[in-house]
Amino acid sequence: MSAAPPLRAAILGAGPAGAALAVLLARRGAQITLFDDDHRPALLVGESLVPAAIPILKTLGVEDETATFSCVKPGVSFVWSPADRFAFTFARFAPDVFPYAYNIPRPRFDESLARQADAAGAVRVVARARLVPAAPDGRGGELALAPETLAAAPHLDGRQPDLIVDATGRARHTSRVLGIAARVGPRKDAAHFAHFDGFRWDDAPGQVLVAPLGAGGWSWCIPLRDRLSVGIVLNQQDAARLGRTPEERLAAGIATDRWLASVVGGGARLTPVASYTNYQLISERAVGPGWVAVGDAFGFVDPMLSPGVFLALRSAQLVADALAPVLDRRVPAAPDRLATLLRPYAVEHSAALTAWSALIELFYDGRMLALMAAGRDWMANGSGRVKRAVQHHIERHIALQASGAATTSRYSRGLLRFLARYGLRGISPAAMSLR
Ligand SMILES: Cc1cc2nc3c(=O)[nH]c(=O)nc-3n(C[C@H](O)[C@H](O)[C@H](O)COP(=O)(O)OP(=O)(O)OC[C@H]3O[C@@H](n4cnc5c(N)ncnc54)[C@H](O)[C@@H]3O)c2cc1C
């Protein structure tokens, strides 16, 4: 029996999801066209990785290079008040949790991944790609490259690809073309951030700090190699009260928060202020005949806990795995066959997005911090061997979820839900919630 022809795929978007998928598919013999709109602002969110991203960077062959321009992230501290400061170090939960992660300058990281895609044999086309609904008399695919996009990739010889991958991030190009609805999350936040120097640091080098913000919402401090990324995330009414422009809002958000001002108040802003709004949403459909969505184009839950880049890379890995029979050329890449192979990916990734949303909700409504405070108080009243083991068990399952190692684990999720309901021992979650 002769082998099926190699898969021909067009990937729209060279962010982490698109570039990672280009590497994985091109390495396995697929003919990849990677459309890159070359939109690389100096500042991009997605600067803090979770540990589960690092084994994927190893697989992609970019971990060593990432280490040369990034800052090792040993853990995360939640700084709710001077008395309520909870520090997690990933290495404490190794080997179940990968022992470290990185804080990355995103544009530089994206460049490394895109160059790795080039090296794997993907053909990068610098163009803003456009899709159209496929003509009914076509091969049965639901989408097609628009004529000018097809023409921008002369090596395609005017032939539509077998598979179109939407990796356009929050532009969600396929959902817009096909009118696919999304499940929208409860928060309508704005985020403003910039890089600073001259900050004051009292935690471990590289540790990411998350803290409630005086003006509402919360703030992040992400140490990069030579600077600190500082962001504020708050609902749009509270953001508007801080000022008219993003610059005014970030400055006022820092100045009106005693703790954040003590970290960065004396520093200088090195970059313009970047802004993002409305990002909690998961597409109701991410697969169809001849197409699939990966990364943010499928869904994005929230910046709290930093899962975005990991989920983008993980979605690429799941898609590449699902396509194994086509990549091995055992079956032809017909649009319906591709959709059948890819549907389990959509189910699995949607479940992951939902699990992260549920975990993050525990941070917003105060139950996770109340649980940490309850554990601390419990240990303060004498810490026998059994008590220590129980406390370690609970912290391990928090770490397993928040690191990306086992966010969907039924046991971990059930344990945290149970404890958040019955284990708070007199500590009110409302007092630790974020507006
Ligand atoms: C406020 C905020 C803070 C965040 N902080 C973190 C964090 O600390 N850690 C973390 O892991 N994640 C974070 N994220 C999320 C993270 O940035 C995203 O999840 C991640 O970038 C998704 O990767 P992606 O490849 O799916 O999409 P993107 O990174 O958005 O990449 C999409 C690419 O496609 C290109 N493109 C778009 N349309 C087209 C087109 N038509 N043709 C060709 N190219 C196109 C874009 O220019 C872009 O290069 C944050 C998000 C927000 C909103």
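Residues numbered from 1 in each chain as written. Predicted model: local features only at pLDDT ≥ 70, side-chain atom pairs only at ≥ 80, totals over all residues. Heavy atoms only, no water.

(A) Summary view of the sheet that holds strand 20 (residues 291–293). Spatially, the six strands line up as an open sheet ordered 7-2-1-10-20-19, and their pairing is mixed. Among the strands making up the open sheet, the edge pair consists of strand 7 (123–126) and strand 19 (287–288). Judged from the four bridges that link them, strand 1 (residues 8–12) and strand 10 (residues 163–166) form a sheet pairing that is parallel. Note on strand 10: the bridge partner recorded for A10 is I164. Together, strand 1, strand 2 (31–36) and strand 10 form the strand contacts of helix 1 (residues 16–27), whose direction differs from that of strand 2 by roughly 165 degrees. (Pairing = 2+ DSSP bridges. Helix = DSSP H or I, 4+ residues; strand = E, 2+ residues; numbered from the N terminus. Contact = heavy atoms within 4.5 Å. Axes fitted to C-alpha atoms, helices over the stretch in contact; angles between N-to-C directions.)

(B) Fine view of the environment of Y102. Note that Y102 resides in strand 6 (residues 101–103). The class for Y102 is buried, based on a relative accessible area of 5%. For Y102 and P223, which are 121 residues apart along the polypeptide, the C-alpha to C-alpha distance reads 9.7 Å. In this view, Y102 contacts E47, S48, L49, I54, E63, T66, A67, S70, C71, V72 and K73; residues no more than four positions away in its chain are not counted. (Buried < 20%, exposed > 50% of the residue type's maximum accessible area, 1.4 Å probe, protein only.)

(C) Here's a closer look at helix 14 (residues 385–402). A rise of 1.5 Å per residue sets the reference length of helix 14, with its 18 residues, at 26 Å; its end C-alpha atoms lie 26 Å apart and thus fit the reference within 8%. Among all positions of helix 14, only K387, Q391, I394, E395, H397, I398, A399, L400 and Q401 are buried. Those residues of helix 14 hidden inside the fold are in contact with strand 5 (85–89), helix 12 (335–364), helix 13 (367–380) and helix 15 (410–422). Just beyond helix 14, the residue with positive phi is G404, at close to 90 degrees. (Expected span 1.5 Å × (residues − 1).)

(D) The site of the ligand, seen in detail. Taken together, 32 residues are adjacent to the ligand, and D37, S48, R106, D296 and V309 come closest. Between the ligand and the protein, one listed contact pairs an oxygen atom with a side-chain N or O atom of D37 at 2.8 Å. Contact distances for the ligand include 3.3 Å between an oxygen atom and a backbone N or O atom of S306. For the ligand, whose accessible area on its own is 1000 Å², the fraction buried by protein is 92%. At the level of secondary structure, the elements contributing two or more residues to the shell around the ligand comprise helix 1 and helix 10 (308–322). Examining the composition of the shell around the ligand, we find that three residues originate from one element, helix 10, more than from any other. Along the lines of polarity and charge, the residues of the shell around the ligand split into 16 nonpolar, 10 polar and six charged. The residue makeup of the shell around the ligand includes at least three contributed by each of domain 1 (8–70 + 105–182 + 281–349) and domain 2 (189–277). (Near = heavy atom within 4 Å. Polar contact = N/O pair within 3.5 Å; in protein donor to acceptor, adjacent residues only side chain to side chain. Areas by Shrake-Rupley, 256 points an atom, 1.4 Å probe, with all protein chains shown as cover. Nonpolar A, V, L, I, M, F, W, Y, C, P; charged D, E, K, R; others polar. Domains from an automatic or database assignment.)

(E) Representation of the packing of helix 10 against helix 12 within the structure. Helix 12 packs onto helix 10 with a crossing angle of 160 degrees between their chain directions and a minimal axis gap of 9 Å. Here helix 10 is positioned roughly antiparallel relative to helix 12, judged by the angle of their axes. Seen from above, helix 10 lies across helix 12 with right-handed handedness. Of the residues in helix 12, those in contact with F310, L311, R314, S315, L318, V319 and A322 of helix 10 are L341, L342, Y345, E348, H349, A352, L353 and W356. Of the residues contributing to the contact of helix 10 with helix 12, the split by class is 11 nonpolar, two polar and two charged. (Parallel < 35°, antiparallel > 145°, perpendicular 65-115°, else oblique. Left-handed = near helix turned anticlockwise from the far one by under 90°.)

(F) Geometry of the packing of aromatic side chains. A full pass over the atoms with the stated rule returns 12 aromatic pairs. Arranged with centres 6.4 Å apart and planes meeting at 65 degrees, the rings of F78 and W80 form a pair that is edge-to-face. The pair F78 / W80 is uniform in exposure class, with both members buried. With a centroid separation of 6.4 Å and 35 degrees between ring planes, the pair formed by F88 and F93 is classed as tilted. The exposure class of F88 is buried, given its relative accessible area of 10%. Since its relative accessible area comes to 3%, F93 is described here as buried. The rings of F78, W80, F88, F93 and F363 are connected pair by pair, giving a single aromatic cluster. (Phe/Tyr/Trp six-rings, centres within 6.5 Å; stacked < 30°, edge-to-face > 60°.)

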